[in-house]
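Read off the chains here:
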Amino acid sequence: MLLKKDGNSIGFVPTMGALHQGHVSLLRYAKKQNNITVVSIFVNPTQFNNKEDLIHYPRTPEADLKLLENEGCDIVFVPGEKEMYPEPDLRVFSFGNLDKVMEGKYRPGHFNGVAQVVTKLFDTIMPSRAYFGMKDFQQLAIIKKVVADYQYPVEIIPCPTVREADGLALSSRNKRLSADERQHAALIAKTLFWAQQNASTMSINELKKAVIATINNDPFLKVEYFEIVNDQTLQPVKTWHDAGGKIGCIAVNVGKVRLIDNINFYS
């Protein structure tokens, strides 16, 4: 990018659109740390293993552009599918064991699609720093590995999860929830906060069972997985005494909408 040759630092926020205040927070971090900000909007088909999810993924292009204009974003990159994939991307990435659990287990091929589009965007934008929300914790770990393995000269900046007043993590998929579903979805974060506060009183196995049972007791909600893992390797931990930081990651189906979230456990 010619702008970078002039000594400017470029802060990049890749998105799939349907922007919300979580995306805004990423942009604001980028604006503080860089001379130029770039936001991409592209619903990447290769990371969807469920065609219905791709079809129904919310798209609000006019509102997105207006929001970015109001926030002072310098450049918005809105490519079409033919521009991003003029021919099929046959690259297969290796993530070690990072994609063998949680999202990788339940969404086969998802992270390979993420790596495909992120590397294409990095090659196009050539950012100094790229900003990702910590709600997608496993995705963040995958992207860090890709950057290290392929020696991309870009700094990955993790940014805190932004939540609604009732705790629900902001997600573009929240737009697909009915009013009743939205009300019940708040139980996900409420239960995670409870787990964080009560972790010292029970074993990991007991805590996992309690979280799953609490959420599944709500007829609107169904847990797909809840895992407590090492925050570096993403492998499940057995006891609170296991080495390293620990994070609880969850996926819950709220009707036909699948939501993810996570919570740190401090040991």
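Position numbers for residues count from 1 along each chain, tracking the sequence in the order it is written. Two thresholds apply to this predicted model, a pLDDT of at least 70 for residue-level local features and 80 or more for giving and counting side-chain atom pairs, whereas whole-chain, interface and lining totals are computed over all residues. Each side-chain value is worked out from all heavy atoms of the structure, with water and hydrogens disregarded.

Enquirer: Would you mind showing me how to read the overall build of the chain here?
Expert: Only DSSP runs of H or I covering at least 4 residues are called helices, and only runs of E covering at least 2 are called strands; the numbering of each starts at the N terminus. Assigned secondary structure in the chain consists of 10 helices and eight strands. For the radius of gyration, the atom set is restricted to C-alpha positions; the globular benchmark scales as 2.2 Å times the number of residues to the power 0.38. Relative to the compact-globule value of 18 Å for 267 residues, the chain shows a C-alpha radius of gyration of 19 Å, a close match. The principal-axis extents of the C-alpha atoms in the chain amount to approximately 55 × 40 × 35 Å. We call two residues in contact whenever any of their non-hydrogen atoms come within 4.5 Å of each other. Across the chain, the fraction of contacts at a sequence separation of at least 24, relative to all contacts at a separation of at least 6, is 72%.

Enquirer: For this particular structure, what's the right way to read the packing of helix α7 (residues 110-125) against helix α8 (residues 137-149)?
Expert: Here the axes come from fitting lines to C-alpha atoms, over the contacting stretch only for helices, and the angles between their N-to-C directions go from 0 to 180 degrees. It is the contact of α7 with α8, at a shortest axis distance of 10 Å, that shows an interaxial angle of 55°. Taken together, the axis directions place α7 and α8 in an arrangement best described as oblique. For the pair α7 and α8, the crossing hand works out as right-handed. Along its contact with α7, which presents Phe 111, Val 114, Ala 115, Val 118, Thr 119 and Phe 122, the element α8 presents Gln 138, Gln 139, Ile 142, Ile 143, Val 146 and Val 147. Only Asp, Glu, Lys and Arg are considered charged in this grouping, and only Ala, Val, Leu, Ile, Met, Phe, Trp, Tyr, Cys and Pro are considered nonpolar; every other residue, Gly among them, is considered polar. Across the contact of α7 with α8, the residue classes tally to nine nonpolar, three polar and no charged. When describing relative orientation, an angle under 35 degrees is termed roughly parallel and one over 145 degrees roughly antiparallel, while 65 to 115 degrees is termed roughly perpendicular and anything else oblique. Each crossing gets its handedness from the near helix: less than a right angle anticlockwise from the far helix is left-handed, clockwise is right-handed.

Enquirer: Before we go on, may I ask you to explain the pattern of salt bridges in this structure?
Expert: Salt bridges are defined as contacts in which a side-chain nitrogen from Lys or Arg sits within 4 Å of a carboxyl oxygen from Asp or Glu. Enumeration according to the criterion identifies 14 salt bridges in this entry. Ionic pairing is found between Glu 71 and Arg 28, a salt bridge with its closest N-O pair at 2.8 Å. Residue Glu 71 is located in the loop between α4 (61-70) and β3 (75-77), and its partner Arg 28 is located in helix α2 (residues 21-33); the two are separated by 43 residues in the primary sequence. Think of it in three bands: residues with accessible area under 20% of the maximum for their type are buried, residues over 50% are exposed, and the middle band is partly exposed, with areas taken using a 1.4 Å probe on protein chains only. Given the relative accessible area of 18%, Glu 71 is considered buried. In this structure, a network of salt bridges that share partners links the residues Glu 103, Arg 107, Glu 224 and Arg 258.

Enquirer: What is the right way to read the sheet that holds strand β2 (residues 36-41) from this model?
Expert: One key point about sheets: their strands pair by backbone hydrogen bonds, in either a parallel or an antiparallel sense. Two strands qualify as a pair provided that DSSP identifies no fewer than 2 bridges between them. If you trace the five strands from one edge of the open sheet to the other, you get β3-β2-β1-β4-β5, paired in parallel fashion. Looking at the sheet topology across the chains shown, the edges are occupied by β3 and β5 (155-159). The mean angle between the axes of side-by-side strands here comes to 25°, regardless of whether they run parallel or antiparallel. Taken together, the two bridges between strand β1 (residues 10-15) and strand β4 (residues 129-133) define a ladder with parallel strand orientation. In the strand pairing of β4, Phe 12 is matched with Ala 130. Contacts between α7 and the sheet are confined to β1, β2, β3, β4 and β5, with β1 contributing the most and set at about 150° to the helix. Here α8 sits on the sheet in contact with β4 and β5, set at roughly 170° to β5.

Enquirer: Honestly, the sheet that holds strand β6 (residues 221-230) in this entry has me stumped. Any pointers?
Expert: Spatially, β6-β7-β8 is the arrangement adopted by the three strands of the open sheet, whose pairing is antiparallel. Among the strands making up the open sheet, the edge pair consists of β6 and β8 (257-265). Along the sheet, successive strands turn relative to each other by an average axial angle of 15°, direction set aside. Against the sheet, helix α10 (residues 204-216) contacts β6, β7 (246-254) and β8, and its axis sits at roughly 160° relative to β6.

Enquirer: Explain the side chain of Ser 171 to me, please; I cannot follow it from the model alone.
Expert: As for its placement among the helices and strands, Ser 171 is situated in the loop between β5 and α9 (179-198). Of the polar contacts made by the side chain of Ser 171, one reaches the backbone nitrogen of Arg 173; its length is 3.1 Å. Any pair of nitrogen or oxygen atoms within 3.5 Å is treated as a polar contact; in protein, a donor-acceptor pairing is required on top of that, and neighbouring residues in sequence qualify only through side-chain atoms on both sides.

Enquirer: Would you mind going over the packing of aromatic side chains with me for this structure?
Expert: We describe a pair of aromatic rings using the distance from one ring centre to the other and the angle between the two ring planes. Ring pairs are drawn from Phe, Tyr and Trp, using the six-membered ring of Trp, whenever the two centres fall within 6.5 Å, and their geometry is named by plane angle: stacked under 30 degrees, edge-to-face over 60, tilted for the rest. The tally for this structure, following the rule as stated, stands at eight aromatic pairs. Aromatic ring contacts, followed pair by pair, group Phe 12, Phe 122 and Tyr 152 into a single cluster.

Enquirer: For this particular structure, what's the right way to read α2?
Expert: Owing to its 3.6 residues per turn, the α-helix brings residues three or four apart onto one side. Multiplying one less than the number of residues by 1.5 Å gives the expected span of a helix. With 13 residues, α2 should reach 18 Å at 1.5 Å per residue; the first-to-last C-alpha distance of 19 Å fits that figure. Of all the residues in α2, the buried ones are Gly 22, His 23, Val 24, Ser 25, Leu 26, Leu 27 and Ala 30. In the core, the buried residues of α2 are packed alongside β1, β2, α4, β4 and β5.

Enquirer: Mind showing me how you'd approach the pairing of β4 here?
Expert: One face of the sheet, then the other: side chains in a regular strand alternate in exactly this way. Sheet analysis places β4 next to β5, joined by five bridges and oriented parallel. Bridging across to β5, Gly 133 finds its partner in Cys 159.

Enquirer: How should I be thinking about the pairing of β6 in this particular structure?
Expert: Of all 10 residues making up β6, seven are buried, and the element is well covered by its neighbours. Of the pairings in the sheet, the one linking β6 to β7 comprises nine bridges and is antiparallel in character. From the neighbouring strand, Asn 230 faces β7, where its bridge partner is Lys 246.

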